[in-house]
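Chain residues, written in single-letter form:
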Amino acid sequence: MSTWPRETPVTAAVTAARWVRSAAIDDDLGRRWRANPDPRGRSAGAGDVASLYAGAAGIVLFFLELAAATGHEAYLQDALAGARRLAVTWPEQRDPTFYHGRAGLIFAMAETGWATGDEEIFGAARAAADRLVRDARPLGDGIGWTGDPAQRGDGGIVLALLHASGILGVPAYEEVAIEAGERIAGLVVPGHRFGGDAVPDLPVDAVTPGFLSGTAGTAFLLARLYGVTRDERFLAAARRGADFVRTVSEVTDRCALVPHHIPQGRRLHYLGFCSGSAGVARMFHELHRVTGDPGDLDWMERLAHGIMHSGVPGARPSGHWDVACLCCGTAGLIECFVGLYAATGHEPYLDFARTLAIDLIGRATAGDEAGFRWYQAYRRLRPGEVTADTGYMVGAAGIGTALLHLDATERTRTPRRLILLPDNPFPAIPIPAAVLRGDQA
């Protein structure tokens, strides 16, 4: 077990919560949080103030987990204040997607209702999910919402509905999710999207194999649907996506790296969740989970080894620049290796997660009462645009969450359930089964 220098993952998360709390704004509807309370700076502009990605829904999740990790009721009240505002204002959210829209709000409200027993918030989650289902429209040979099969589009909505069906107890949500997934499964290469309007800031002929906006995330969704239905059409489509990712990846010895986009970015290898190895590893783990195919496990391990041999955290390769957040930074790598350890029991994965965490905590800015925050260049192509946001995927709330998840791996005598997003396939109790059973010393 590591000796933490000064701050532990939990104390760092608590100190990060001070930064998030300093951004709180209360009104008659409840609580929201400014994206960046720093008077010297501005927000990264990464999303709506209510969204899971950068706004209140994600911050609610952070406070739920902080309450569970510390036992402090005050953090639960923070989460409830935010969730109550979501319960009133969700009809204002026109975007249906998971990370930036209504599907993410449903997830946050459902998890809050589950954790607190608040029936009003649970009821709002059901009402919002009902509306999301009604908003599905005919698209080609099936139904959907945005027409984009990736996680940032219809793929994320389908996963959110699968989660909502279970936690809210409404089988109809799963039925709609499966119907929407059937359309995605009919694509030649699921998730195969070009740049331009589909992926801003990329050339019009660019293709992205990554997770949030590309092929790997859609293949993950289809593998999940195969696990739910055992319909071979979903597995065949997931395999088409996985085969594409394998084909375009760079493989050396026991390592694999995924290009950010092809053909122009073939040598640009992101490491993080959104477009890099940490996200793609989720897809291969999900395939292994639902099929038991050792080839998928091999690829998951190759991607992990590629990250571990990249030089991070000491080095700053082009695919892992000065960025700390869950989406594309060090916190996302911690989340990945916590999950890999929980799934495999491989101690080097946990050791690497600890190494990443020590570096991440050491990079925090403090020195005042506002708490820990992480100044970062969220957009790789704008290195001079440095911000310290509060949100889940882009700021302190998500960084604190990743640190809490790492802490949970060491609580073998008091295991706790983590709040994992629907696109996270790893165990919700992040302790290998053999350790929980006491098979290991």
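In this convention, every chain numbers its residues from 1, walking through the sequence in written order. Two thresholds apply to this predicted model, a pLDDT of at least 70 for residue-level local features and 80 or more for giving and counting side-chain atom pairs, whereas whole-chain, interface and lining totals are computed over all residues. Each side-chain value is derived from all of the structure's non-hydrogen atoms; neither hydrogens nor water enter the calculation.

Where an unreviewed UniProt entry is consulted, the protein appears under the name Lantibiotic modifying-like protein, with the organism given as Microbispora bryophytorum.

**Section: the environment of Ala219**
To keep things clear, this is the line we draw: Each helix corresponds to a stretch of at least 4 residues labelled H or I by DSSP, and each strand to a stretch of at least 2 residues labelled E; elements are numbered beginning at the N terminus. Relative accessibility decides the category of a residue: with a 1.4 Å probe and only protein chains considered, values under 20% of the type maximum give buried, values over 50% give exposed, and everything between is partly exposed. Here a residue-residue contact requires only that any non-hydrogen atoms of the pair lie within 4.5 Å.
Mapped onto the secondary structure, Ala219 falls in helix α8 (residues 215-229). For Ala219, a relative accessible area of 0% puts it in the buried group. It is 40 Å that separates the C-alpha atoms of Ala219 and Glu73, two residues lying 146 residues apart in sequence. Discounting residues that sit within four places of it in the chain, Ala219 has contacts with Ala238, Gly241, Ala242 and Met283.

**Some thoughts on helix α10 (residues 277-291)**
The condition is simple: The span one expects for a helix is its residue count, reduced by one, times 1.5 Å.
An ideal rise of 1.5 Å per residue puts 21 Å on 15 residues; α10 measures up with 21 Å between its terminal C-alpha atoms. By the criterion of burial, α10 is predominantly enclosed, with 12 of the 15 residues buried. The set of residues buried in α10 consists of Ser277, Ala278, Gly279, Val280, Ala281, Arg282, Met283, Phe284, His285, Glu286, Leu287 and Val290. The first or second residue beyond α10 is Gly292, which carries a positive phi of 75 degrees.

**Quick notes on empty space enclosed by the protein**
The condition that has to hold: Cavities and pockets are found on a 1 Å grid laid over the protein atoms alone: a cavity is a set of points where a 1.4 Å probe fits but cannot escape, a pocket is an open set with protein on both sides within 12 Å along at least five of seven lines, and a lining residue has an atom within 4 Å of such a point. Grid points are joined across faces, edges and corners, and a volume is the space filled by probe spheres set on the points. Residues are grouped as follows: Ala, Val, Leu, Ile, Met, Phe, Trp, Tyr, Cys and Pro are nonpolar; Asp, Glu, Lys and Arg are charged; every other residue, Gly included, is polar.
Counted under the stated rule, the structure contains 2 cavities of 30 Å³ or more. Estimated volume of the largest cavity: approximately 130 Å³. As for the largest cavity, its lining consists of 16 residues, and the residues nearest its centre are Arg282, Leu326, Glu335, Leu421 and Asn424. Sort the elements by how many residues they give to the lining of the largest cavity and helix α12 (residues 330-344) lands first, with 3 residues. Per-class residue counts for the lining of the largest cavity are 10 nonpolar, 3 polar and 3 charged. Here the second largest cavity defines a volume of roughly 60 Å³. Along its surface, the second largest cavity is lined by Glu335, Val338, Gly339, Ala342, His405, Leu418, Leu420, Asn424, Phe426, Pro427 and Pro430.

**Brief notes about the nonpolar core**
Here is the rule we go by: For our purposes a nonpolar core is just a set of buried Ala, Val, Leu, Ile, Met, Phe, Trp, Tyr and Cys residues, chained together by side-chain atoms within 4.5 Å.
The biggest cluster of nonpolar side chains holds 150 residues, and the ones touching the most others in it are Tyr53, Met109, Met283 and Phe337. The greatest single-element share of this core, amounting to 10 residues, is contributed by helix α2 (residues 56-70).

**Some details on the packing of aromatic side chains**
How two aromatic rings sit relative to each other is set out by the distance from centre to centre and by the angle between their planes. Rules: Here is the rule: rings of Phe, Tyr and Trp (six-membered ring for Trp) pair when centre to centre is within 6.5 Å. Planes less than 30 degrees apart are stacked, more than 60 are edge-to-face, and the remainder are tilted.
All chains considered together, the criterion is met by 14 aromatic pairs. Between Phe98 and Phe107, the ring centres sit 5.8 Å apart and the planes meet at 80 degrees, which makes this aromatic pair edge-to-face. Across the pair, Phe107 and Phe98 agree in class, each one buried. Between the aromatic rings of Tyr99 and Phe273, the centroid separation amounts to 6.2 Å while the plane-to-plane angle is 55 degrees, which identifies the pairing as tilted. Taken together, the positions of Tyr99 in the loop between α3 (73-89) and α4 (102-116) and Phe273 in the loop between β6 (255-257) and α10 put the pair 174 residues apart, joining distant regions of the chain. For Tyr99, a relative accessible area of 3% translates into the label buried.

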